[in-house]
Amino acid sequence: AGHPFFYEVRNEFYKDSQGVLLVYDVGVRESFEALDSWLGEMKQEMGSQANMDSIVFIVCANKVDLTKRRVVDEGEGRLWAE
């Protein structure tokens, strides 16, 4: 649902969110770099009254078993999550 076409569907899920699961593909740097824009979109849709500190965020690195295709290392992912 990351395609801009699905924005109208996505924005309905931001309201009253209690948890967020952010997933990126370790073999596709663009998916990792998009994490910032996903957070930005969420903040924009939730508005200024949103308390981001009360939302649980989980960051998942996907396809870690494909070591030869990996372009985002574990340390970089952990640093972003912190």
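Residues numbered from 1 in each chain as written. Predicted model: local features only at pLDDT ≥ 70, side-chain atom pairs only at ≥ 80, totals over all residues. Heavy atoms only, no water.

The chain appears in an unreviewed UniProt entry as RBJ protein from Oryzias latipes. As its UniProt record puts it under Sequence similarities (unreviewed entry), the chain is described as follows: "Belongs to the small GTPase superfamily. Rab family." (UniProt positions renumbered as here; feature names shortened; annotations may be inferred.)

Q: Lay out a nonpolar patch on the surface in plain terms, naming residues and giving numbers.
A: Taken together, the side chains of Phe-5, Phe-6, Val-9 and Phe-13 define a hydrophobic patch exposed on the protein surface, amounting to about 480 Å² of accessible area. Structurally, the position occupied by Phe-6 is in the segment before helix 1 (7-14). (Patch = residues over 30% accessible without salt bridge, like charges linked within 9 Å, V, L, I, M, F, W, Y side chains within 5 Å. Areas by Shrake-Rupley, 256 points an atom, 1.4 Å probe, with all protein chains shown as cover. Salt bridge = Lys/Arg side-chain N within 4 Å of Asp/Glu carboxyl O. Helix = DSSP H or I, 4+ residues; strand = E, 2+ residues; numbered from the N terminus.)

Q: Summarise helix 1; cite the residues concerned and give the values.
A: Within helix 1 the residues assigned to the buried category are Arg-10, Asn-11 and Tyr-14. With its buried residues spanning 100° around the axis, helix 1 presents them on a single face. In this structure, helix 1 carries Glu-8, Glu-12 and Phe-13 as exposed residues pointing more than 90 degrees from its buried face. Following helix 1 by one or two positions, Asp-16 has its phi on the positive side, about 60°. (Buried < 20%, exposed > 50% of the residue type's maximum accessible area, 1.4 Å probe, protein only. Arc of directions from axis to C-beta.)

Q: Explain the packing of helix 1 against helix 3 (residues 35-46) residue by residue, including any values.
A: Closest axis-to-axis distance for the helix 1/helix 3 pair is 9 Å, and the angle between their directions is 70°. When the interaxial angle is binned, helix 1 and helix 3 end up roughly perpendicular. Two packed elements cross with a definite hand, and for helix 1 against helix 3 that hand is right-handed. Every residue of helix 3 that contacts helix 1 at Tyr-7, Arg-10, Asn-11 and Tyr-14 is listed here: Trp-38, Glu-41, Met-42, Glu-45 and Met-46. (Axes fitted to C-alpha atoms, helices over the stretch in contact; angles between N-to-C directions. Parallel < 35°, antiparallel > 145°, perpendicular 65-115°, else oblique. Left-handed = near helix turned anticlockwise from the far one by under 90°. Contact = heavy atoms within 4.5 Å.)

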